[in-house]
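Observations on the three-dimensional arrangement
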Amino acid sequence: MRYQKFIPEGWFKKQRTINSNMLDNAIKTQEILEAKVTECDENYNLLLDLGENKKGIINRNEIELIGKNDKTNISTSKVNKYVQFKVKGIDESNNYILSRKDVEQDAITWLKNDVKEGNVLKGIVKSIQPYGAFVEIGGGVVGLVHIEDMSVARIKSPKERLHIGQKINIMVKSIDKEHGKIILTYKELLGTWEENIQDIKVGTTIVGKAREVEKSKNGISIELKPNLVGLAEYKDGIEYGQNVNVYVKKIIPEKKKIKLIIV
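Reading guide: rules and limits
- Residues numbered from 1 in each chain as written.
- Predicted model: local features only at pLDDT ≥ 70, side-chain atom pairs only at ≥ 80, totals over all residues.
- Heavy atoms only, no water.
- Helix = DSSP H or I, 4+ residues; strand = E, 2+ residues; numbered from the N terminus.
- Rg over C-alpha atoms; globule rule 2.2 N^0.38 Å.
- Buried < 20%, exposed > 50% of the residue type's maximum accessible area, 1.4 Å probe, protein only.
- Contact = heavy atoms within 4.5 Å.
- Areas by Shrake-Rupley, 256 points an atom, 1.4 Å probe, with all protein chains shown as cover.
- Salt bridge = Lys/Arg side-chain N within 4 Å of Asp/Glu carboxyl O.
- 1 Å grid on protein atoms, 1.4 Å probe; cavity = no way out; pocket = protein on both sides within 12 Å on 5 of 7 lines; lining within 4 Å.
- Points joined across faces, edges and corners; volume = space filled by probe spheres on them.
- Nonpolar A, V, L, I, M, F, W, Y, C, P; charged D, E, K, R; others polar.
- Phe/Tyr/Trp six-rings, centres within 6.5 Å; stacked < 30°, edge-to-face > 60°.
- Lys NZ or Arg CZ within 6 Å of the ring centre and 35° of its normal.

From N to C terminus, the protein chain includes 4 helices and 15 strands. Relative to the 2.2 N^0.38 estimate, which gives 18 Å for 263 residues, the radius of gyration of the protein chain is 24 Å and therefore markedly larger than a compact globule would have. Projected onto its principal axes, the C-alpha coordinates of the protein chain cover approximately 75 × 35 × 35 Å. In the protein chain, buried positions account for 43% of the 263 residues. Taking contacts inside the protein chain between residues at least 6 apart in sequence as the whole, the part at least 24 apart equals 59%. In the structure as shown, the protein chain presents an accessible area of about 14,400 Å², 46% of it carried by carbon and sulfur atoms.

Below, the structure is given as structure tokens:
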């Protein structure tokens, strides 16, 4: 594989069970903690259950640094979700005052100083659009993986590969550190052609998934694995996404081609 070594999981390896000692210590150390948002109040501040009858508050102005225009939507969307934060102090009601924005500032600094093209990161799929998926790579920093970078096999929807909330390894394809824009790629992590072909033998029959099925083309593209595609002779009645049995007629390693017959 041509990617660089993994960057530690970092952002997505937080301790969800916290206690008073951890909270008090975090005021000094500024360690990143994580807890669940239980409520959004009438002023769009977030309320968190910190355990041991301790409550935390993230003021609406401390919720988001990136994409901070609509505080109303940002606040309500966090309810019943776990968020990362730093502890700023304790108010007169003995509630812990928290900041998610400070975590995002750390993430931006990390992005500018440490992240490079070719790095493989841990990510969580946050949103799926027809053209690709947005993946958070830590502290609110989100990158885009285009649909064509999800697999060698051509797909019609990113939902055929990813789902919201899915934790994945993702590679940095390109990065604009000045504007904080990141383009990601997924297909490089699905194995090379040589790796994927190892258990496929000429003369065997296996199951594949039909992809490009137009009669005008040379044949029907069959996905054997997300990063392994063969070509079968055209056959009427085959639909996109249909599982088909195919006979492996020929493998041509020097051209990375596989000839198939639909049976």
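It is worth spelling out the pattern of salt bridges at this point. When the charged atoms of two side chains lie near each other, side chains of opposite charge can form a pair. Inspection of the entire model under this criterion finds 14 salt bridges. Here Lys 256 ties to Glu 194 by a salt bridge, and the two come within 3.8 Å at their closest N and O atoms. Residue Lys 256 is found in the loop between β14 (243–252) and β15 (257–262), and its partner Glu 194 is found in helix α4 (residues 193–197); the two are separated by 62 residues along the sequence. Lys 256 gets classed as partly exposed once you look at its relative accessible area, which sits at 45%. Glu 194 sits in the partly exposed class, given a relative accessible area of 40%. For Asp 199, the salt bridge goes to Lys 225, with nearest N and O atoms at 2.8 Å. Remark: Lys 225 occurs in strand β12 (residues 220–225) and Asp 199 occurs in the loop between α4 and β11 (205–210); sequence separation between them is 26 residues. The exposure class assigned to Asp 199 is exposed, which follows from its relative accessible area of 55%. Each of Glu 160, Arg 161, Arg 211 and Glu 223 takes part in salt bridges that share partners, so that together they form one network.

Now for the layout of surface pockets. One number sums up the size of the second largest pocket: a volume of about 440 Å³. Taken together, 19 residues form the lining of the second largest pocket, with Ser 221, Val 229, Gly 230, Leu 231 and Ile 258 sitting closest to its centre. Elements supplying a minimum of two residues to the lining of the second largest pocket: β13 (228–232), β14 and β15. A per-class count over the lining of the second largest pocket returns 8 nonpolar, 4 polar and 7 charged.

Before going further, it helps to spend a moment on the side chain of Glu 64. The topology assignment puts Glu 64 in the loop between β3 (54–58) and α2 (71–77). A relative accessible area of 11% places Glu 64 in the buried class.

What follows concerns the packing of aromatic side chains. The tally for this structure, following the rule as stated, stands at 1 aromatic pair. Seen in terms of ring centroids, Tyr 131 and Phe 134 are 6.3 Å apart; in terms of plane orientation they differ by 90°. Their pairing is edge-to-face. Judged by its relative accessible area of 43%, Tyr 131 is partly exposed. One Lys or Arg, Lys 156, reaches over the ring of Tyr 240 and ends 4.3 Å from the middle of that ring.

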